[in-house]
Amino acid sequence: MSAVVTEKKLKVVGTRPDRPDGVPKLTGTAQYGADYTLPGMLWGKILRSPHAHARIRKIDASKALKLPGVKGVITAADLPEQKFEYVGAERVAQNFWHMTRNILAREKVLYEGHALAAVAATTPAIAAEALKLIEVDYEILPHVIDVEDAMKPDAPLLFEDMITRGVEPPPTKPSNVSKRVEFKIGDADAAFATADEVVEMSFKTAAVHQGYIEPHACLARADADGQAEVWSSSQGHFVVRTMTVKMLGMKTGDLRCHAAEIGGAFGGKTVVYVEPVAVALSKKTGHPVKIMMSREDVFKATGPTSGASMTIKVGVMRDGTIVAAKGLFKYQAGAFPGSPVMNGCMCGFAPYDIANVNTIGYDVVCNRPKSVAYRAPGSPISAFAVESTLDMAAKKIGMDPIQFRLKNIAKIGTPTVWGPKHSHAGFAETLQALQKHPAYTAPLGKNQGRGVAVGYWFNGGGESSSTVNVNEDGTVVVATGSPDIGGSRASTAQMAAETLGIPYEAVRPIIADTNSVGYTQATGGSRVTFATGITVINACKKVTEEMCKRAAKMWKIEPENVIWEDGSARPAGKRAGEFPPLTFKEIASKRTATGGPVVASASINAEGQAPGFSAQFADVEVDPDTGAVKILRDVAAQDVGRAIHPSYCEGQIIGGVVQGIGCALNEEYIYDKNGHLENAGFLDYRMPVASDLPKIDAIVVEVPNPNHPYGVKGVAEANIVPPMAAIASAIHGATGKRLTDLPMSPPKVLAALDG
Amino acid sequence: MAKQHVVTTINGNAVEFLCDTRQTLLEVLRDELHMTGAKEGCGTGDCGACTVNIDGRMMCSCLFLGAEAQGKKINTIEGMAAGDKLHVLQRKFLEHAALQCGICTPGMLIAAKTLLENNPDPTEEQTRYWLAGNLCRCTGYNQIIDAVLDAAKELRGAKS
Ligand code: FES
Ligand code: FES
């Protein structure tokens with residue numbers, strides 16, 4: 001791949017233009033998942049289990065079907081059975097046998113809120129009424145919520161035949177442990193014996209929800225010939241297509257999926273819940289069907305991230321060298337296998353150069369909604385445990401926490417616990433930027449403390465596509481397959497304008513539907529500006545090559561003697577100086593005479609992404625009477641490679657930090673003894689509001705990624721990783737008490753102070 | 001069930017509609033009048049995405065019955081810009097990159113506009129407390145607060 005463009009040459013990249021999709025969002029005309037309607041549309045609603053664990057003996061919808069206005073009811077019997085097999089890369093493997101059962105339960109319901117039937121009716125009120133008329137005969141079964149309880153030998157089993165994968169020889173008895181993973185370099189056990197100090201601690205985290213403000217919603221229409229269309233809010237309309245056709249046994253080309261504007265996702269909209277149901281109802285009734293989840297449904301039935309139990313052991317020398325590290329990670333998968341425990345095992349110690357590391361992870365099912373990706377999935381959980389333990393180790397040897405981390409920081413060539421060597425710089429530079437922040441040495445008052453932590457995330461590459469169409473007035477339309485969650489249309493347009501040498505305003509970026517642009521993976525893993533960005537740049541380069549050929553035609557000279565420079569075609573070589581340059585606009589206007597439309601597409605399965613790295617410190621004040629923790633300051637440095645649009649880089653960093661603060665201090669799924677979620681609403685599931693927070697201080701560090709033409713590294717995720725441990729260490733600094741159980745809510749802090 | 005006939009004013013226009021007595025104003029706006037600018041984030045008054053202004057006060061339209069709109073003056077996000085001219089707050093939100101996904105933005109803008117109508121010179125803290133009923137999961141609020149304070153400044157300048 002080409003070398004990184006040097007900064008001084010850039011005109012559009014690195015500036016802060018208005019986002020092209022801004023005005024419709026400011027005036028209320030932007031269409032999100034729930035904003036679409038079609039003539040003759042019905043309203044779909046989903047019946048959900050009131051029980052945490054029960055066998056479904058019978059579902060009788062006959063009364064519901066008799067209610068005037070009800071046009072159809074579906075259950076799992078309307079969806080084809082799927083083969084039991086894990087498919088895809090191990091870290092993100094899927095099993096469609098599980099997926100279809102999560103969309104509509106078959107033999108059993110496995111958590112409160114588990115979907116098991118759906119109705120379509122002429123009004124939402126009739127649909128709601130019809131749900132009450134569906135009779136379900138349940139055999140209630142014992143349930144299990146906590147991960148440690150679920151691992152006990154006598155725990156109620158969610159799947160009576162689940163044999164733990166990753167254990168040799170395989171266990172003979174079934175359990176709730178879906179999988180064991182282990183990573184190892186060196187010999188940690190032997191190395192602990194050589195350490196000056198060893199610290200071992202155990203931790204717990206709570207399940208937390210992504211908390212996007214827009215509930216899942218979609219509109220579907222199906223034709224009698226088998227073709228169908230879906231408008232939905234998701235991180236990947238191609239993902240919606242792939243999963244929906246699979247769930248319904250359709251042909252891929254028969255389903256056209258449109259990307260609605262998306263009202264937040266953070267990983268939670270990388271799977272389907274309502275889309276296959278809406279298409280199935282539409283097929284059954286012959287009408288378009290709209291389904292909107294309620295907030296309660298979102299909490300009860302869509303993916304939070306895992307809660308976990310963890311034990312960390314680190315051995316350090318008095319000079320600060322970490323010589324050995326061990327981590328045991330038990331993650332809740334929810335009702336079906338697939339927690340991000342593998343990521344937790346890989347990311348926890350990834351920032352460091354440690355010769356002897358051993359991490360072991362367990363993926364454990366329990367009677368909770370199936371966990372789903374949440375911003376750097378798995379990494380914030382293990383980082384809370386690892387970074388908290390390292391803070392104690394640094395304190396034990398009396399070393400500054402940034403200095404301690406700098407001493408051990410991974411560099412290019414440092415091996416990772418999963419095998420390959422680190423191949424990108426930026427970790428040390430980010431820590432140094434944090435260290436230089438003037439507030440790092442500012443004095444603290446009574447009951448105040450400061451804590452430091454870092455966070456690692458792989459970032460993603462993968463498959464993307466885009467198409468560039470040149471218009472006769474010199475404007476261009478750039479169509480990509482990547483839904484825009486946080487401003488990617490702006491960064492796309494900037495990269496296109498930069499490459500073509502035309503003004504930002506001349507570029508119109510759009511998100512094309514699945515049948516109008518090449519396959520593109522979901523917007524996730526901080527991959528869009530990197531991978532989709534490369535396709536946009538490559539398509540734009542093809543356009544400039546074509547524009548040179550058109551100019552050669554206009555000048556009647558050889559195409560090899562035309563070059564593209566500064567947004568214009570120029571005669572070069574032996575023709576240099578023979579003609580004045582032709583601008584993009586001038587050539588575009590001669591389209592018809594020079595060979596017809598100028599169109600270029602590019603696609604990629606991108607590799608060479610650089611990981612995300614964030615280093616942060618938090619200052620807190622603990623109220624000794626109430627146990628309330630106030631965030632006084634949070635400074636977050638992150639290596640973004642190169643900021644295409646610095647405001648949206650800062651926005652990603654600040655947004656991630658604040659989600660981390662919520663996870664640290666307030667957010668948690670709370671279950672009663674019957675396995676019912678007690679806080680399925682924004683009143684009791686308390687996410688940070690404006691008055692809880694100070695201004696977050698984002699430091700954008702730029703260590704370019706040589707594998708992207710403008711140096712981009714994904715920026716959306718690493719920022720959520722450090723806050724939990726940074727805040728825990730700050731509380732420790734303020735009070736002398738180390739909290740090891742998230743969230744660090746006032747009652748827990750008070751109990752620690754009293755204890 | 002017989003529907004209720006309601007006569008009201010929305011964004012300065014006389015509007016009549018029929019609604020079920022159980023329908024919220026949010027449902028009426030979105031499903032009957034096809035004004036989908038106000039969003040449903042929770043339906044329980046906890047997120048502010050559905051915020052509208054009713055007779056000068058900001059209100060969660062998901063907690064207000066459609067039938068109660070009778071004789072009221074309602075302002076929604078659809079009425080905030082004057083033709084093709086954005087309101088100062090809208091322009092400042094754009095300039096400060098105060099939206100990522102934008103789902104909270106309509107409610108945030110109505111709440112901020114109501115704030116500035118009541119207090120043209122709010123402090124940062126007053127702004128943070130006023131907007132505490134409007135959840136934003138994307139931005140961490142920095143840029144929203146900056147945009148509102150910057151808009152307040154510009155509006156004050158325009159008046160003096
Ligand atoms: S939808 Fe009305 S406050 Fe959330
Ligand atoms: S911008 Fe997404 S919720 Fe505020």
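Cut-offs and rules
- Residues numbered from 1 in each chain as written.
- Chains lettered and ligands numbered in written order.
- Predicted model: local features only at pLDDT ≥ 70, side-chain atom pairs only at ≥ 80, totals over all residues.
- Heavy atoms only, no water.
- Helix = DSSP H or I, 4+ residues; strand = E, 2+ residues; numbered from the N terminus.
- Buried < 20%, exposed > 50% of the residue type's maximum accessible area, 1.4 Å probe, protein only.
- Lys, Arg positive; Asp, Glu negative; His and termini not counted.
- Salt bridge = Lys/Arg side-chain N within 4 Å of Asp/Glu carboxyl O.
- Polar contact = N/O pair within 3.5 Å; in protein donor to acceptor, adjacent residues only side chain to side chain.
- Contact = heavy atoms within 4.5 Å.
- Buried area = accessible area lost by both parts, 1.4 Å probe.
- Pairing = 2+ DSSP bridges.
- Axes fitted to C-alpha atoms, helices over the stretch in contact; angles between N-to-C directions.
- Phe/Tyr/Trp six-rings, centres within 6.5 Å; stacked < 30°, edge-to-face > 60°.
- Lys NZ or Arg CZ within 6 Å of the ring centre and 35° of its normal.
- Domains from an automatic or database assignment.
- Nonpolar A, V, L, I, M, F, W, Y, C, P; charged D, E, K, R; others polar.

1. Regarding the side chain of Lys290(A)
Stage number 1. Structurally, the position occupied by Lys290(A) is in strand E14 (residues 289–292).
Stage number 2. For the buried Lys290(A), no salt bridge is present, and the opposite-charge side chain at shortest range is Asp31(B), 5.0 Å distant.
Stage number 3. Reaching out from Lys290(A), the side chain makes a polar contact with the backbone oxygen of Tyr36(A) at a distance of 3.0 Å.

2. A short note on the interface of chain A and chain B
Stage number 1. Tallying the contact residues gives 52 residues for chain A and 43 residues for chain B.
Stage number 2. Taking both partners together, chain A and chain B bury about 4,000 Å²; carbon and sulfur atoms supply 58% of that area.
Stage number 3. When the area that chain A buries against chain B is broken down by residue, the three leading residues are Leu26(A), Ile213(A) and Lys695(A), summing to 19%.
Stage number 4. Linking chain A with chain B are five salt bridges, by the criterion used here.
Stage number 5. Linking chain A with chain B are 23 residue pairs in polar contact (both at pLDDT 80 or more), by the criterion used here.
Stage number 6. Within the residue set of the side of chain A that touches chain B, elements represented by two or more residues are helix H1 (22–27) and helix H18 (646–665) of chain A.

3. So, the sheet that holds strand E1 (residues 42–48) of chain A
Residue and element names in this part refer to chain A.
Stage number 1. On the basis of which strands lie adjacent, the open sheet formed by seven strands has the order E3-E7-E1-E14-E11-E12-E13 and mixed pairing. Only two strands of the sheet have a single partner each, and these edge strands are strand E3 (70–75) and strand E13 (255–259). Shown here is a sheet whose adjacent strand axes are inclined to one another by a mean of 20°, direction ignored.
Stage number 2. Most of the contacts of helix H4 (residues 124–133) go to E1, to which it runs at about 25°, and overall it touches E1, E3 and strand E7 (115–121).

4. As for the pairing of strand E26 (residues 612–622) of chain A
Residue and element names in this part refer to chain A.
Stage number 1. The element E26 is extensively covered by neighbouring structure, given that ten of its eleven residues are classed as buried.
Stage number 2. Bridge count for strand E18 (residues 448–457) against E26 is ten bridges, and the pairing is antiparallel. By the bridge assignment for E26, Ala453 is matched with Gln616.
Stage number 3. In terms of strand pairing, E26 meets strand E27 (residues 629–639) through ten bridges, oriented antiparallel. If you follow Val620 over to E27, its bridge partner there is Ile631.
Stage number 4. Linking two consecutive strands that pair antiparallel, namely E26 and E27, is a turn of six residues; a positive phi of about 80° is found at Gly627 within it.

5. Considering the environment of Trp97(A)
Residue and element names in this part refer to chain A.
Stage number 1. Inspection of the secondary structure assignment puts Trp97 in helix H3 (residues 96–103).
Stage number 2. Expressed as a C-alpha distance, the spacing of Trp97 and Pro704, which sit 607 residues apart in the sequence, is 42 Å.
Stage number 3. In contact with Trp97, not counting residues within four places along its chain, are Glu81, Gln82, Lys83, Phe84 and Phe159.

6. Quick look at the packing of aromatic side chains
All names here are of chain A.
Stage number 1. Summed over all chains, the structure comprises 21 aromatic pairs over all chains.
Stage number 2. Where Tyr669 meets Tyr671, the ring centres are 6.4 Å apart and the plane angle is 45°; that geometry is what we call tilted. Each member of the pair, Tyr669 as well as Tyr671, carries the same accessibility label: buried.
Stage number 3. In this structure, Arg165 is placed above the aromatic ring of Tyr86, and the distance from its NZ or CZ to the ring centre is 3.6 Å.
Stage number 4. Between the NZ or CZ atom of Lys313 and the centre of the ring of Phe192, over which it lies, the distance is 4.4 Å.

7. Quick notes on the pattern of salt bridges
Residues and elements named next belong to chain A.
Stage number 1. One pass over the full model with this rule turns up 60 salt bridges over all chains.
Stage number 2. Note that Lys25 and Asp21 form a salt bridge whose closest N and O atoms lie 2.8 Å from each other. An identical accessibility class is assigned to Lys25 and Asp21; each is buried.
Stage number 3. Salt-bridge contacts for Glu578 lead to Arg575; the nearest nitrogen and oxygen are separated by 3.1 Å.

8. Digging into the pairing of strand E4 (residues 57–60) of chain B
Stage number 1. For strand E3 (residues 51–54) of chain B and E4(B), the ladder comprises four bridges, and the chain directions are antiparallel. Paired with Asn53(B) across the two strands is Met58(B), which belongs to E4(B).

9. A few points about the domain arrangement of chain B
All names here are of chain B.
Stage number 1. According to the domain assignment, chain B consists of domain 1 (4–79) and domain 2 (88–159).
Stage number 2. Computed over C-alpha atoms only, the centres of domain 1 and domain 2 are separated by 21 Å.
Stage number 3. With 15 residues of domain 1 in contact, the opposing surface of domain 2 contributes 13 residues.
Stage number 4. Regarding the contact of domain 1 and domain 2, the summed buried area is about 1,000 Å², with carbon and sulfur atoms giving 63% of it.
Stage number 5. At the surface where domain 1 touches domain 2, the tally comes to zero salt bridges.
Stage number 6. Seen at the junction of domain 1 and domain 2, the total is five residue pairs in polar contact (both at pLDDT 80 or more).
Stage number 7. Residue assignment for the side of domain 1 that touches domain 2 shows that the elements contributing at least two residues are E3 and E4.
Stage number 8. The element that contributes the greatest number of residues to the side of domain 1 that touches domain 2 is E3, accounting for three residues.
Stage number 9. Classifying every residue of the side of domain 1 that touches domain 2 gives five nonpolar, seven polar and three charged.

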